[in-house]
Amino acid sequence: MAKAAARHILVGDEATCNELKSKIAAGEDFAAIAQQHSKCPSGRNGGDLGTFGPGQMVPEFDKVVFSAPINEVQGPVKTQFGYHLLEVTQRSE
């Protein structure tokens with residue numbers, strides 16, 4: 001079964017999500033931004049979600065995590081929780 005490891009940053013609006021994505025693109029540290037801004041408890045761990053399989057996360061999340069290039073920040077991805085920046089750190093088939 002496919003498995004992936006990812007980290008994310010959850011915020012309440014798309015504008016904030018885009019602003020944080022720009023900061024990461026400019027060289028700021030993903031984990032530090034997650035610790036400062038993410039509304040998810042995973043933010044304390046730099047946004048790390050650990051390893052999971054298909055169907056363990058919401059569908060919008062799964063779609064990105066199991067198709068996006070590794071180590072490339074994706075988003076904003078809208079879910080019922082808010083707006084996410086996602087980075088797949090590892091994936092196996």
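Residues numbered from 1 in each chain as written. Predicted model: local features only at pLDDT ≥ 70, side-chain atom pairs only at ≥ 80, totals over all residues. Heavy atoms only, no water.

1. Focus: the packing of aromatic side chains
So, point 1. Overall, the coordinates contain one aromatic pair when judged by the stated rule.
So, point 2. Ring centres of phenylalanine 52 and phenylalanine 66 lie 6.3 Å apart, and the angle between their planes is 90°; on these two criteria the pair is classed as edge-to-face. With phenylalanine 52 in strand β2 (residues 48-52) and phenylalanine 66 in the loop between α3 (59-65) and β3 (73-79), the pair connects residues that are 14 residues apart, well separated along the chain.
So, point 3. Overall, phenylalanine 52 belongs to the buried group, its relative accessible area being 2%.
So, point 4. Relative accessible area serves as the criterion here: at 23%, phenylalanine 66 is assigned to the partly exposed category. (Phe/Tyr/Trp six-rings, centres within 6.5 Å; stacked < 30°, edge-to-face > 60°. Helix = DSSP H or I, 4+ residues; strand = E, 2+ residues; numbered from the N terminus. Buried < 20%, exposed > 50% of the residue type's maximum accessible area, 1.4 Å probe, protein only.)

2. What about the side chain of glutamate 87?
So, point 1. Mapped onto the fold, glutamate 87 is located in strand β4 (residues 82-92).
So, point 2. A distance of 2.6 Å separates a polar atom in the side chain of glutamate 87 from a polar atom in the side chain of arginine 7.
So, point 3. Aside from chain neighbours lying at most four places away, what touches glutamate 87 is Ala5, Ala6, Arg7, Phe30, Asn71, Glu72 and Val73. (Polar contact = N/O pair within 3.5 Å; in protein donor to acceptor, adjacent residues only side chain to side chain. Contact = heavy atoms within 4.5 Å.)

3. A few points about helix α2 (residues 30-37)
So, point 1. Every buried residue of α2 is accounted for by Phe30, Ala31, Ile33 and Ala34. The arc enclosing the buried residues of α2, seen along the axis, measures out at 165°, which places them on a common side. Turned more than 90 degrees away from the buried face of α2 sit Gln35 and Gln36, all of them exposed. (Arc of directions from axis to C-beta.)

4. What about the nonpolar core?
So, point 1. Listed in full, the 11 residues of the largest apolar core are Ala4, Ala6, Phe52, Val58, Phe61, Val64, Val65, Ala68, Val77, Leu86 and Val88.
So, point 2. The set of elements that each furnish at least two residues to this core consists of β1 (3-11), α3 and β4.
So, point 3. Contact partners of valine 77, with chain neighbours within four places excluded, come to Glu60, Val64, Gly82, Tyr83, His84 and Leu86.
So, point 4. By size, the runner-up hydrophobic cluster in this structure holds 10 residues, among which are Val11, Cys17, Ile33 and Leu85. (Core = buried A, V, L, I, M, F, W, Y, C linked by side-chain atoms within 4.5 Å.)

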